[in-house]
Amino acid sequence: MSFFEVLVYLFVVFCLIVFIFLLLNTSETYVTLASNWAVILGLTLILKIPVRFFRRISPPYYRFLWNIERNPPDWLPEEVLHAKNRITWEDRARFWYLILSYGTKSAHNIAGPKFLPHLLVQAVRIFFRRIIEILKKFERSIILLTRNPILSYLHFAGSLSAGALNWIFESVYREKFIEATRDAAKKFGRHEALRLKQTGMFPGNDVRTLMAMIMYIYVVYGLTSWMRYCYPNVEPYVEATHNHSIVRFCQGPYECPHRGLKYPAFCDAFVSWEAALAETINPELTAIASKKAAAGDEGCEVKVIFKKNLKK
């Protein structure tokens with residue numbers, strides 16, 4: 001290869017790097033990518049590889065049944081109980097497609113065009129910081145990984161999301177991000193409420209029907225899988241009456257899916273999707289984050305309640 005050819009090659013590589021940098025430095029890029037079903041499906045199928053690998057070499061804790069599965073209450077449809085056996089990676093991709101498309105659009109419009117590029121930079125920093133922490137405690141990390149690979153993997157992933165959220169809440173984007181999260185969550189909740197209503201699986205509009213809907217989404221989109229892998233002996237607590245319904249899916253501040261989250265205000269914002277789902281089906285109902293593990297409460301708890309009882 002001649003000197004001139006080397007210069008041409010380096011110039012092309014430089015132009016490509018600059019082009020990619022400019023794309024990643026533009027908020028619209030993330031909105032476009034997140035709104036593309038093929039992109040999200042592809043990323044989800046790539047994610048499937050490490051998840052399946054770590055799950056295969058981990059203890060089979062997830063195979064046993066919780067009490068609510070062995071003795072289901074009369075208000076819980078069989079479809080909810082059997083949904084976990086029919087979940088596909090396309091179902092998971094659909095969840096991420098909805099969340100990311102709504103989320104990036106809301107973040108771009110509300111938090112501003114600089115937010116998403118700044119978030120990516122911080123996410124990369126957090127990732128490498130976690131890797132360095134693992135290498136510094138290599139022997140301990142190896143022991144934890146060999147004991148339960150899927151648990152270690154999920155804790156690592158949760159620490160990344162918590163790190164990103166903590167950075168957001170310590171930045172100038174905090175209030176706008178909360179607003180954008182609420183906006184995206186409400187759109188997702190309304191979308192899922194209308195979709196589930198059309199299935200005919202949930203004919204009612206009372207408190208217990210709404211809790212059954214919420215639990216169905218938890219099952220299909222992976223929250224119960226996360227609990228089963230990470231804390232198989234901690235069964236979700238479910239309470240359903242005609243006045244209110246409660247689901248608590250972890251039992252302490254160290255069991256938050258976003259491992260290391262410092263700011264429970266995010267919990268209130270994210271539960272906006274449960275509230276939107278409830279209000280779409282029955283305008284008299286809503287949902288609240290009645291307990292927050294990140295705040296030191298005994299667990300992450302979502303309550304469906306009549307709006308008139310909120311202040312009582």
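None of these values were measured; they are calculated from a predicted model.

Reading the values: the criteria
- Residues numbered from 1 in each chain as written.
- Predicted model: local features only at pLDDT ≥ 70, side-chain atom pairs only at ≥ 80, totals over all residues.
- Heavy atoms only, no water.
- Salt bridge = Lys/Arg side-chain N within 4 Å of Asp/Glu carboxyl O.
- Helix = DSSP H or I, 4+ residues; strand = E, 2+ residues; numbered from the N terminus.
- Buried < 20%, exposed > 50% of the residue type's maximum accessible area, 1.4 Å probe, protein only.
- Contact = heavy atoms within 4.5 Å.
- Polar contact = N/O pair within 3.5 Å; in protein donor to acceptor, adjacent residues only side chain to side chain.
- Phe/Tyr/Trp six-rings, centres within 6.5 Å; stacked < 30°, edge-to-face > 60°.
- Lys NZ or Arg CZ within 6 Å of the ring centre and 35° of its normal.
- Pairing = 2+ DSSP bridges.
- Axes fitted to C-alpha atoms, helices over the stretch in contact; angles between N-to-C directions.
- Parallel < 35°, antiparallel > 145°, perpendicular 65-115°, else oblique.
- Nonpolar A, V, L, I, M, F, W, Y, C, P; charged D, E, K, R; others polar.
- Patch = residues over 30% accessible without salt bridge, like charges linked within 9 Å, V, L, I, M, F, W, Y side chains within 5 Å.
- Areas by Shrake-Rupley, 256 points an atom, 1.4 Å probe, with all protein chains shown as cover.
- Expected span 1.5 Å × (residues − 1).

1. Considering the pattern of salt bridges
By the definition in use, this model includes eight salt bridges. The partner of Glu133 in a salt bridge is Arg130, with the nearest N and O atoms 3.8 Å apart. Of this pair, Glu133 and Arg130 both sit in helix α7 (residues 115-136), three residues apart, roughly one helical turn. Classification of Glu133 by relative accessible area gives partly exposed; the value is 40%. The class for Arg130 is buried, based on a relative accessible area of 18%. One continuous salt-bridge network, built from bridges that share partners, spans Arg94, Glu192 and Arg195.

2. Quick word on the environment of Glu170
By the secondary structure assignment, Glu170 is in the loop between α9 (149-169) and α10 (174-199). Taking the relative accessible area as the measure of exposure, Glu170 reaches 49% and is therefore partly exposed. Sequence-wise, Glu170 and Tyr263 are 93 residues apart; in three dimensions their C-alpha atoms are separated by 9.4 Å. Every residue in contact with Glu170, bar those within four places of it in the chain, is listed here: Lys262 and Tyr263. A polar contact is formed between the side chain of Glu170 and the side chain of Tyr263, at a distance of 2.7 Å.

3. Remarks on the side chain of Ser106
Within the secondary structure, Ser106 is located in helix α6 (residues 89-111). Here Asp183 takes part through its side chain, which lies 2.6 Å from a polar atom of the side chain of Ser106. For Ser106, the contacting residues outside a window of four places in its chain are Ala111, Ala180, Asp183, Ala184 and Lys187.

4. What to know about the packing of aromatic side chains
Using the criterion set out here, one finds 16 aromatic pairs in the structure. Taking 5.1 Å as the distance between ring centres and 70 degrees as the angle between the ring planes, the aromatic pair formed by Phe95 and Trp96 counts as edge-to-face. Of the residues examined, Phe95 reaches a relative accessible area of 14% and is grouped as buried. The partly exposed category is assigned to Trp96, whose relative accessible area is 39%. Grouped by ring-pair contacts, the aromatic residues Phe115, Trp167, Phe169, Tyr173, Phe177 and Tyr263 constitute a single cluster. A cation sits over an aromatic face here: Arg92 above Trp89, 4.5 Å from the ring centre. Above the ring of Phe306, the side-chain terminus of Lys308 is found at 5.6 Å from the ring centroid.

5. Some remarks on the pairing of strand β1 (residues 237-240)
Two elements, β1 and strand β2 (residues 244-248), share four bridges in a ladder whose sense is antiparallel. Bridge pairing in β2 places Tyr237 opposite Arg248. Hairpin connection, β1 to β2: the antiparallel pair is bridged by three residues.

6. Observations regarding the packing of α9 against α10
Direction vectors running N to C along α9 and α10 enclose 125 degrees, while the axes themselves pass 7 Å from each other. Considering their axes alone, α9 and α10 lie oblique with respect to each other. On the side of α9, the interface is formed by Leu165, Ile168 and Phe169, while α10 contributes Arg174, Phe177 and Ile178. A per-class count over the contact of α9 with α10 returns five nonpolar, no polar and one charged.

7. Re a nonpolar patch on the surface
Together, Leu120, Val124, Phe127 and Phe128 make up an exposed nonpolar region whose accessible area comes to about 340 Å². Among the structural elements, Leu120 can be located in helix α7. A relative accessible area of 32% places Leu120 in the partly exposed class.

8. Side note on helix α11 (residues 207-220)
For an α-helix, 3.6 residues make a turn, and residues three or four places apart therefore share a direction. Spanning 14 residues, α11 covers 20 Å between terminal C-alpha atoms, matching the ideal 20 Å at 1.5 Å per step. Taking burial as the measure, the 14 residues of α11 include 13 buried ones, the bulk of the element. Immediately downstream of α11, the backbone of Gly222 shows phi near 105 degrees, a positive value.

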